[in-house]
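# Reading the structure
The lines below spell out each chain.
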Number of protein chains: 2
Amino acid sequence: MSDLVTRLRRHNWRITPQRRVIAETLEGSHVHFTAEEILERAVERMPELSRATVYNTLNEMVALGEVLELTLDGRSKRYDPNADHEHHHLICEGCGLMKDVHAMADPVDWLPGDERHGFSVTRASITYRGLCPECQAAAS
Amino acid sequence: MSDLVTRLRRHNWRITPQRRVIAETLEGSHVHFTAEEILERAVERMPELSRATVYNTLNEMVALGEVLELTLDGRSKRYDPNADHEHHHLICEGCGLMKDVHAMADPVDWLPGDERHGFSVTRASITYRGLCPECQAAAS
DNA sequence: TCCTAGCTTAGACTATGTCTAAACAAAGAA
DNA sequence: TTCTTTGTTTAGACATAGTCTAAGCTAGGA
Ligand SMILES: [Mn+2]
Ligand SMILES: [Mn+2]
Ligand SMILES: [Zn+2]
Ligand SMILES: [Zn+2]
């Protein structure tokens, strides 16, 4: 679980100033930012940074396997720098708060052979949904 | 597991001709259509049907809990009439083919209490990914 | 019949993301 | 150093998915 820039460098992928700022912005906070949120924050450090570079860079980091792209609602994609650390997500249906979680079992093991339809099943992700403490309090 | 129109009627929700055509189109084939795919097919039966009505109607059926909205890739949402039948999805990363699948256990039970961050966790869905038989053959 | 509430419509609008063409920057060759 | 090549960045046009608005339509009740 080394830092994202270090992991990216291993792919002989040029770490330009723009890419560094984007990677550091993504990894800096432990939430799951959208591309626009990353742009908004990265521009504070590099005002001339363009929207296209943010989108291009995020897509390249996803293609390299060092960042995960999450499409948990129908809105913007979210980017997760935690790609070297298997986990799932828990989302509040009230406010959208998202937490990383770790299940006790690998869901791939829980899919019987006769439910696989001849597929080779390589991975599985679980999306848990519920209400966070604040939204539970607000609802009662 | 009664049909979708029957389930919708129980909510004293008016079944207009447009809504009936949309519900029947959605349920007719056993795939997971996008809104545009439903419009395309429904328009063959009702040429004056509008895009807005398809979107409005799908959103209402989701709000009634009788249709599931799936956002499995970052593209269009897909609509699943199978809301009264708990299941998960298996997706081919080659061609996008999607199958309904049934796991052997409820993933909510695999999430330890200390991983719940105080949330009340009500449901979980699993997205399995892999390659379908055709895409495996094409890749080898 | 008329009235009302809800439903449908076309098209404008918004949000998210991709593409293009030109400018720019870095690295290697000479 | 200068030249060349290759990859990167940029602004803005474009594409797609979906929502909103205002007007018209329809069904059912008074
Ligand atoms: Mn995460
Ligand atoms: Mn399904
Ligand atoms: Zn919440
Ligand atoms: Zn396939």
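In case you missed it, the structure is sitting above this.
Residues numbered from 1 in each chain as written. Chains lettered and ligands numbered in written order. Predicted model: local features only at pLDDT ≥ 70, side-chain atom pairs only at ≥ 80, totals over all residues. Heavy atoms only, no water.

## What about the packing of helix H2 (residues 17–28) of chain B against helix H3 (residues 35–45) of chain B?
Residues and elements named next belong to chain B. The following threshold applies: To define axes, lines are fitted to C-alpha atoms, for helices over the stretch in contact only, and angles between the resulting N-to-C directions are given on a 0 to 180 degree scale. A helix here means a DSSP run of H or I that spans at least four residues, while a strand means a run of E at least two residues long, and both kinds are numbered starting from the N terminus. Roughly parallel here means an angle under 35 degrees, roughly antiparallel means over 145, roughly perpendicular means 65 to 115, and every remaining angle is called oblique. Left-handed is the label given to a crossing in which the near helix is rotated counterclockwise from the far helix by less than a right angle, and right-handed is the label when the rotation is clockwise. In this description, contact between two residues means that some pair of their heavy atoms is separated by no more than 4.5 Å. Note on residue categories: nonpolar means Ala, Val, Leu, Ile, Met, Phe, Trp, Tyr, Cys or Pro, charged means Asp, Glu, Lys or Arg, and polar means any other residue, Gly included.
With their axes 9 Å apart at the nearest point, H2 and H3 run at an angle of 120 degrees to one another. Classed by the angle they form, the pair H2 and H3 counts as oblique. As for the relative orientation of H2 and H3, their crossing is right-handed in sense. The residues of H3 that touch H2, namely those facing Val21, Ile22, Glu24, Thr25 and Leu26, are Ile38, Arg41, Ala42 and Arg45. Of the residues contributing to the contact of H2 with H3, the split by class is five nonpolar, one polar and three charged.

## Structural notes on the pattern of salt bridges
Residue and element names in this part refer to chain A. Operational definition: Put simply, a salt bridge is a Lys or Arg side-chain nitrogen that is within 4 Å of an Asp or Glu carboxyl oxygen. Under the scheme applied here, a residue whose accessible area is under 20% of the maximum for its type counts as buried, over 50% as exposed, and between as partly exposed, the area being computed with a 1.4 Å probe on protein chains only.
Across all of its chains, the model carries 22 salt bridges over all chains by this definition. Notably, a salt bridge pairs glutamate 24 with arginine 45, separated by 2.8 Å at the nearest N-O pair. With glutamate 24 in helix H2 (residues 17–28) and arginine 45 in helix H3 (residues 35–45), this pair connects stretches of sequence that are 21 residues apart. Owing to a relative accessible area of 51%, arginine 45 belongs among the exposed residues under this scheme. With a shortest N-O distance of 3.4 Å, arginine 78 and glutamate 37 are connected by a salt bridge. Of the two residues, arginine 78 sits in strand S3 (residues 78–80) while glutamate 37 sits in helix H3, which places them 41 residues apart along the sequence. The exposure class of arginine 78 is partly exposed, given its relative accessible area of 23%.

## Observations regarding the interface of chain B and chain A
Quick note on the threshold: Accessible area, probed at 1.4 Å, shrinks when two parts are joined; the buried area is that loss added up over both.
Facing the 43 residues of chain B at the interface are 43 residues of chain A. The junction of chain B with chain A conceals about 3,400 Å² of combined surface from both sides, 60% of it contributed by carbon and sulfur atoms. Per-residue buried area on chain B facing chain A is highest for Trp110(B), Phe119(B) and Tyr128(B); these three make up 21% of the total on that side. Viewed at the interface, chain A and chain B are joined by two salt bridges. Residue Glu93(B) pairs with Arg123(A) through a salt bridge whose shortest N-O separation is 2.5 Å.

## Quick word on the coordination of the manganese ion (ligand 2)
Residues and elements named next belong to chain B. Basically, it comes down to this: Here the term donor refers to an N, O or S atom within 2.8 Å of the metal (or 3.2 Å for Na, K and Ca), and because water is left out of the atoms, sites may appear incomplete.
Within the protein, the manganese ion (ligand 2) binds to His32 (NE2), Asp80 (OD), His87 (NE2), His89 (NE2) and Asp100 (OD); these donor distances fall in the range 2.0 to 2.3 Å. Sequence spacing of the donors to the manganese ion (ligand 2): H-x47-D-x6-H-x1-H-x10-D. Of this pair, histidine 32 sits in the loop between H2 and strand S1 (33–34) while aspartate 80 sits in strand S3 (residues 78–80), and the two are 48 residues apart along the sequence. The pair histidine 32 / aspartate 80 is uniform in exposure class, with both members buried.

Treat this as a map of the structure, not an account of what it does.
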